[in-house]
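# Architecture at a glance
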Amino acid sequence: MWRAGAHLPRQLRRAFVRRISLRIFLFMEAGEQELARILSKQLPGLTVYRRTEKLPRDGVDILVAQRPKPEILRAAGSKLRAVIVPYAGIMAHTRAIFRDPEFAHLQLHNSHHNARATAEMAVTLLLAAAKGVVNGDMRLRKRDWTPRGLPVDHTPGDSVMILREKSMLVIGYGNVGKLVARSCGLGFHCKKIFATRLSISQPYVDNTSGYPVEVHPSGNLHKLLPQVSIVVLCLPDAAGMDTNHIIGEKELSLFYDNQEVTDPNNRAVFVNVARGKIVDEKALFEYAQKPGFRAAIDTWWSYPPEASDKYDHHPSDVGLPWETLTSVVLSPHRGGAIGTPDLEKERARHLCWMLQSALDGGSKWHEALPNRFHLDRGY
């Protein structure tokens, strides 16, 4: 059916949409004042309330809160239709609240503002592992140049993987996975890029990034692992899906013995920027000691119970000495760039885009609001 203005650019098309105003309730633990200022300035169609301000009697349309507790949801009023958690993940206790019949009618949305930062970390770790950067750094600090590998005395240097000659598998083809695939496809011209998604049943080829990515159902994992030299885990913590130990001894064996091996000292590179529990820790530790296997880990099996506990907490669930393995790059979960000024700008920019999309939707703003979180899928 033809709609007035459908042929026009997005900016002009807004004139054909019934103009609306939306009420937003900000309940943030940090940065609330600055975020309110940005939203009010950038989006004149919004009326922004902070936690210190009195809300309208019938409440607001949208709540933006890191931890939308029941009392906050009730305080937002009967008009409340959607809740935005301005973080990448939705915590288990929040998911449980929205399964309660009292709040089941509310739409839940999250933010993908940190996707680029996480993808950048994934590519950084991949290159650090593939090129043996950490081991070379530690050796040169001791004035040891042998990793350089000049054939002066026939001493081999550290083996370096060239990505153009290798294929890659991205496990989890969401916002982060797509950016990783695009970077390695367009930037490094990997021989072939595969990906898996939890939500599809048939393979397809994605050309939207300018580089073909062969996307498969997650059930094809065992078929794909022997075809690649690089695996990057970008899978979300999907509630309702059995994502524990997707990578175990069998999967690592298929990957380690992949058909692309040309150098026994440089067989496979494994990167995890997803969740520690997705990988069998003992199995990965065992393979990280095998010749030619390299890994880079940003997400772990055990974390300090409090943010203030910054020292002397082991990242292993079972006390494995990861710090002794020079084949593994260790990163203390920095992929999301949490707390940095640049990331806060990205958060505000992404939230403005989400709310502008809602305003553009007119009376159906709730359908136009992006990043809907599906409790049954877990993402």
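Read on for a plain summary of the structure. Nothing here was measured: the structure is a model prediction, and the numbers come from that model.

### Thoughts on the sheet that holds strand β4 (residues 82–85)
- Pairing is parallel in the open sheet, where five strands are placed in the order β2-β1-β3-β4-β5. Each edge of the open sheet carries a strand with a single partner, namely β2 (46–50) and β5 (107–110). The sheet shows a mean angle of 20° between the axes of neighbouring strands, taken without regard to direction.
- Here strand β3 (residues 62–65) runs beside β4; their pairing, made up of three bridges, is parallel. Residue V64 lies in a different strand from β4, and its bridge partner there is I84.

### A look at the environment of P86
- For P86, the location among the structural elements is in the loop between β4 and α4 (92–99).
- According to the relative accessible area criterion, P86 is buried, its value standing at 1%.
- Among residues more than four places away in sequence, those in contact with P86 are M28, V64, A65, Q66, S111, H113 and R347.

### Thoughts on the sheet that holds strand β6 (residues 167–171)
- If you trace the eight strands from one edge of the open sheet to the other, you get β8-β9-β7-β6-β10-β11-β12-β13, paired in mixed fashion. Only two strands of the sheet have a single partner each, and these edge strands are β8 (204–206) and β13 (328–330). On average, each strand axis in the sheet is inclined to that of its neighbour by 20°, with strand direction left out of account.
- Across three bridges, the pairing between β8 and strand β9 (residues 213–217) is antiparallel. Note on β9: the bridge partner recorded for D206 is V213.
- Sheet strands touched by helix α5 (residues 115–130): β6, β10 (230–233), β11 (268–272), β12 (293–297) and β13. Its angle to β11, the strand with the most contacts, is close to 150°.

### Some thoughts on the side chain of H113
- Checked against the element boundaries, H113 lands in the loop between β5 and α5.
- On the basis of relative accessible area, H113 is assigned to the buried category, the value being 5%.
- Reaching out from H113, the side chain makes a polar contact with the side chain of S111 at a distance of 2.7 Å.
- Side-chain polar atoms of H113 contact the side chain of R347, separated by 3.3 Å.
- Not counting chain neighbours up to four residues away, the residues in contact with H113 comprise P86, Y87, A88, L343, E346, R347 and H350.

### Considering the environment of P304
- Assignment of secondary structure puts P304 in the loop between β12 and β13.
- Separated by 234 residues in the primary sequence, P304 and P70 place their C-alpha atoms 27 Å from one another.
- Aside from chain neighbours lying at most four places away, what touches P304 is D309 and H313.

### Side note on helix α2 (residues 32–42)
- Those residues of α2 lying buried are E32, L35, A36 and L39. Along the long axis of α2, the arc covered by the buried residues comes to 100°, so they all point the same way. Across α2 from its buried face, at more than 90 degrees, point the exposed residues Q33 and K41.

### Quick look at unusual backbone geometry
- Located in the positive-phi region is H333, a residue other than glycine, with phi close to 50°.
- Relative to the helices and strands, H333 resides in the loop between β13 and α11 (341–360).
- At N371, a residue that is not glycine, the phi angle is positive and equals roughly 65°.
- Inspection of the secondary structure puts N371 in the segment after α12 (365–368).

### Focus on the packing of α2 against α11
- Remark: α2 packs on α11, axes separated minimally by 10 Å, with the N-to-C direction vectors making an angle of 40°. Considering the angle they form, α2 stands oblique to α11. You can see that α2 and α11 cross each other, and the crossing is right-handed. Residues L35, I38, L39 and Q42 of α2 form the contact with α11, whose own contacting residues are A348, L351, C352 and L355.
- A class-by-class count of the residues in the contact of α2 with α11 yields seven nonpolar, one polar and no charged.

### Concerning the packing of aromatic side chains
- Summed over all chains, the structure comprises nine aromatic pairs.
- Here F255 and F293 contribute two aromatic rings whose centre-to-centre distance is 6.1 Å and whose plane-to-plane angle is 80°, an arrangement assigned as edge-to-face. In this pair, F255 sits in helix α9 (residues 249–256) while F293 sits in strand β12, placing the two residues 38 residues apart along the sequence. For the residue pair F255 and F293, the accessibility class agrees, reading buried in each case.
- Ring centres of F285 and W322 lie 5.1 Å apart, and the angle between their planes is 90°; on these two criteria the pair is classed as edge-to-face. Taken together, the residues span a long stretch of sequence, with F285 in helix α10 (residues 281–287) and W322 in the loop between β12 and β13 at a distance of 37 residues.
- Relative accessible area serves as the criterion here: at 10%, F285 is assigned to the buried category.
- Its relative accessible area of 1% is what places W322 among the buried residues.
- Linked through ring pairs, F255, Y256, Y287 and F293 together constitute an aromatic cluster.
- Between the NZ or CZ atom of R51 and the centre of the ring of F27, over which it lies, the distance is 4.2 Å.
- A cation over an aromatic ring shows up here: K290 above the ring of Y287, its NZ or CZ 5.0 Å from the ring centre.

About the cut-offs
Chains are numbered independently. Their residues run from 1 in the order of the written sequence. The predicted nature of this model means local features are confined to residues of pLDDT at least 70 and side-chain atom pairs, given and counted, to a pLDDT of 80 or more, with totals for whole chains, interfaces and linings taken over all residues. Side-chain metrics in this entry use all non-hydrogen atoms of the structure; hydrogen atoms and water are not considered. A pair of strands is treated as paired once DSSP finds two or more bridges between them. Strands are runs of DSSP state E lasting at least two residues, helices are runs of H or I lasting at least four, and both sets are numbered from the N terminus onward. Each axis is a line fitted through C-alpha atoms, taken for helices only over the stretch in contact, and angles between the N-to-C directions span 0 to 180 degrees. Only protein chains enter the calculation, and the probe is 1.4 Å; a residue is then buried if its accessible area is under 20% of its type maximum, exposed if over 50%, and partly exposed in between. Should any heavy atoms of two residues lie within 4.5 Å, those residues are considered in contact. Within 3.5 Å is the distance limit for a polar contact, defined as a pair of N or O atoms, with the added protein rule that one can donate a hydrogen and the other accept it, and that residues adjacent in sequence qualify only through two side-chain atoms. Starting at the helix axis, one direction is taken to each C-beta atom, and the arc is that of these directions. An angle below 35 degrees is treated as roughly parallel, one above 145 as roughly antiparallel, one from 65 to 115 as roughly perpendicular, and anything else as oblique. Helix crossings fall into two classes, left-handed where the near helix is turned counterclockwise from the far one by less than a right angle and right-handed where it is turned clockwise. For this classification, Asp, Glu, Lys and Arg are treated as charged, while Ala, Val, Leu, Ile, Met, Phe, Trp, Tyr, Cys and Pro are nonpolar and the rest, including Gly, are polar. Paired rings are identified among Phe, Tyr and Trp, the last through its six-membered ring, by centres lying within 6.5 Å, and are further divided according to the angle between planes into stacked (under 30 degrees), edge-to-face (over 60) and tilted (the rest). Here, a charge over a ring means that NZ of Lys or CZ of Arg falls within 6 Å of the ring centre while also lying within 35 degrees of the ring normal.

Keep in mind that these numbers describe shape and distance, not what the molecule does.
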